[in-house]
Amino acid sequence: MTALLALEGVSRRFGGLAALDTVTLSVEAGEILGLIGPNGAGKTTLINVVTGVHPATAGRVLLQGEDITRLKPYRIARKGLARTFQIVQPFPRMSVLENVAAGAVFAGAAPSLKEGLRLSREHLAFTGLAQIADKPASTLTLAQRKRLELAKGLAMNPRFLMLDEVNAGLNSSEVDEALAMIRRIAERGVTILVIEHLMKVVVSVSTRLAVLHHGALIAVGTPREVLADRGVIEAYLGEKYAARLAGARPAEGA
Amino acid sequence: MRDWLLLLLLALACSLLPLAGDNYVLRLGTIVAMYAVLAQSWNFIGGLAGYPSFATAAFFGLGAYTSAVLLSYGAPTGLAWTAAGGMACLFAALIGGAILHLKGHYFAIASLAVGEVLREVVNTTPDLTGGGMGMNLPVPKLSVAAAAQTFYFSMLALAALTTAAAIIVQRSRLGFGLRCIQQNEDAANILGVNAYGYKTAAFCLSAVFAGMAGAIYASWVHYIEPPDVFDILLAVKPLVMVLLGGIGTVFGPIIGAFLLIAFEELVWRSFLTIHAAMLGGIIVVLVLFMPNGLLALVRSGLARLRPAGPKP
């Protein structure tokens with residue numbers, strides 16, 4: 001079976017810096033893959049490479065066997081690859097509803113603007129933003145903006161959704177809500193990649209973990225395997241934290 | 001629906017102008033209509049897409065010269081005017097490919113250079129365009145009054161056409177995509193907006209009607225020369241008009257064109273030597289005190305006048 005998304009020896013260089021170094025990774029349909037690693041490990045670069053923002057300098061990106069390495073970002077978006085931004089990127093002077101409609105109209109299933117607005121109301125209801133649909137996006141709180149990013153991504157009717165730190169800066173009850181939402185999105189059949197710094201969060205939500213360090217993939221596997229990996233402990237977790245996490249509950253089926 | 005009705009009423013009211021005034025008034029009306037076309041044109045790329053273009057003069061001049069050359073070879077007027085629009089549009093598509101990846105000030109400067117390049121091209125091809133000597137156009141066999149009316153109605157029809165295009169674009173996918181690009185181009189790309197294609201479309205829209213306005217202008221004044229039709233003011237004034245009326249709106253450019261030309265007629269003729277400074281003064285006041293234009297000012301004023309209570 002072909003993987004939903006496959007990276008084959010993908011590198012991305014910025015001048016002399018290899019932000020991604022021959023990464024080979026495949027994502028199977030239906031999973032929630034957690035991508036972790038220290039700051040500057042190349043996590044966001046990986047999303048940028050997949051979405052065509054910074055195309056790979058070597059290697060190939062395949063979407064169900066089709067080479068999308070050199071496609072423009074808007075074409076990749078229309079193929080059902082959606083992402084959120086770590087630093088939220090709303091259209092500030094548009095309403096929340098219009099923001100979401102943009103995803104539905106340009107990459108999603110909406111044949112017209114009107115239909116796009118109608119579909120967007122459903123996504124707003126799903127993400128709990130329905131009450132503020134008509135507010136300008138610039139007036140939203142950080143938690144609301146993060147959810148708006150999610151709603152925009154969903155409106156694109158994605159096969160694969162990449163979430164870049166949707167929980168950063170949220171308080172713990174907001175994080176719990178966001179996690180529940182991610183699980184519900186996965187239940188709809190959307191494959192998800194989560195970048196996340198909060199280890200507890202990523203361990204509880206992911207079915208599989210991948211670890212980046214200095215642009216290289218140093219471990220892939222179930223959360224239990226990855227947390228026990230010597231290389232991961234040395235590069236990222238540290239002895240004490242790994243021991244503590246091993247005591248905590250990893251995701252079911254791990 | 002409201003926009004269409006407003007456009008119809010406005011066009012009807014304007015077509016009554018010949019009944020109300022002499023040729024001087026008609027000449028002013030023609031100028032207002034011409035600048036309404038240019039302001040409306042600039043609004044596509046500058047207002048909707050947020051790309052501060054100074055290429056309006058280039059499109060205007062290119063249209064004027066395209067039409068003048070065709071007319072000198074005996075082409076019918078309608079064909080020459082249409083071809084002028086087509087030429088400007090084609091040129092915008094080509095030049096857009098080269099400069100639309102620039103942003104902000106860099107785009108502004110590159111677009112400014114486009115007109116200067118065209119001016120030099122005209123200067124160095126005297127066989128075709130008369131070069132620096134300028135070009136005479138065939139004078140239509142019409143009475144002065146009939147000619148004044150013909151050009152007034154031509155320019156008015158073009159202004160109406162441009163406004164109709166603006167209404168259609170604003171409600172279309174294209175208009176929506178352009179607003180996305182204006183507010184956050186990276187996010188727009190990631191959401192599936194073909195930003196490059198959309199920007200090029202906006203640039204072409206900002207060229208086609210400006211080119212036709214140049215063609216009508218050339219026929220109207222019978223004589224064109226590079227400093228006249230590539231005048232930088234032809235790029236600056238439409239921008240000021242849009243800012244004055246309301247950027248990104250359908251009727252703001254028209255209101256701005258009317259106000260600025262009226263201001264010019266009433267005030268500037270009393271300040272002949274410092275009228276450029278007056279234009280600068282207007283720009284400063286606009287930027288400082290009403291960045292969203294008169295329309296927004298009037299709207300917020302109306303909202304404040306209304307008694308406080310539940311919103312409609």
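Residues numbered from 1 in each chain as written. Chains lettered and ligands numbered in written order. Predicted model: local features only at pLDDT ≥ 70, side-chain atom pairs only at ≥ 80, totals over all residues. Heavy atoms only, no water.

Looking at an unreviewed UniProt entry, one finds chain B named Amino acid/amide ABC transporter membrane protein 2 (HAAT family) and attributed to Aquabacter spiritensis. Heading Subcellular location (unreviewed entry) of the UniProt record for chain B holds this comment: "Cell membrane". (UniProt positions renumbered as here; feature names shortened; annotations may be inferred.)

Looking up chain A in an unreviewed UniProt entry gives the name Amino acid/amide ABC transporter ATP-binding protein 1 (HAAT family), with the organism given as Aquabacter spiritensis.

Remarks on the sheet that holds strand S9 (residues 208–213) of chain A
All names here are of chain A. Strand order in the open sheet made by the six strands is S6-S7-S8-S3-S9-S10, with mixed pairing throughout. Of all the strands in the sheet, just strand S6 (81–83) and strand S10 (216–221) have a single pairing partner and so form its edges. Shown here is a sheet whose adjacent strand axes are inclined to one another by a mean of 20°, direction ignored. Where S6 meets strand S7 (residues 160–164), three bridges bridge the pair, whose relative direction is parallel. Bridging across to S7, alanine 82 finds its partner in leucine 161. (Pairing = 2+ DSSP bridges. Helix = DSSP H or I, 4+ residues; strand = E, 2+ residues; numbered from the N terminus. Axes fitted to C-alpha atoms, helices over the stretch in contact; angles between N-to-C directions.)

Let's talk about the UniProt feature "domain: ABC transporter" (unreviewed entry) in chain A
In this structure's numbering, the residues bearing the UniProt feature "domain: ABC transporter" (unreviewed entry) are residues 5–239 of chain A. Structurally, residues 5–239 of chain A comprises 39% helix and 25% strand, and the distance from its first C-alpha atom to its last is 33 Å.

Observations regarding the pattern of salt bridges
All names here are of chain A. As enumerated under the stated definition, the model contains 14 salt bridges over all chains in all. For the salt bridge of arginine 230 with glutamate 234, the shortest nitrogen-to-oxygen distance reads 3.9 Å. Taken together, the residues span about one helical turn, with arginine 230 and glutamate 234 both in helix H9 (residues 230–237) at a distance of four residues. The partly exposed category is assigned to arginine 230, whose relative accessible area is 45%. Relative accessible area serves as the criterion here: at 62%, glutamate 234 is assigned to the exposed category. Linked by salt bridges that have partners in common, Glu8, Arg60 and Asp67 make up one network. (Salt bridge = Lys/Arg side-chain N within 4 Å of Asp/Glu carboxyl O. Buried < 20%, exposed > 50% of the residue type's maximum accessible area, 1.4 Å probe, protein only.)

A look at the nonpolar core
In terms of nonpolar packing, the biggest core is built from 130 residues, with A:Leu161, A:Ile192, B:Tyr35, B:Phe59, B:Phe203 and B:Ile224 touching the most fellow members. Residue contributions to this core peak at 17 residues, all from helix H11 (residues 195–221) of chain B. Excluding its chain neighbours within four sequence positions, the residues that come into contact with A:Leu161 are A:Ala82, A:Arg83, A:Leu150, A:Gly153, A:Leu154, A:Ile185, A:Val190, A:Thr191, A:Ile192 and A:Leu193. (Core = buried A, V, L, I, M, F, W, Y, C linked by side-chain atoms within 4.5 Å. Contact = heavy atoms within 4.5 Å.)

A closer look at helix H15 (residues 275–289) of chain B
All names here are of chain B. Between its first and last C-alpha atoms H15 spans 21 Å; for 15 residues at 1.5 Å apiece the expected length is 21 Å, and the two agree. Taken residue by residue, H15 has Leu279, Ile282 and Leu286 as its buried positions. An end-on view of H15 places all buried positions within 55° of arc, on one side of the element. Among the exposed residues of H15, those oriented more than 90 degrees off its buried face are Ala277, Val287, Leu288 and Phe289. (Expected span 1.5 Å × (residues − 1). Arc of directions from axis to C-beta.)

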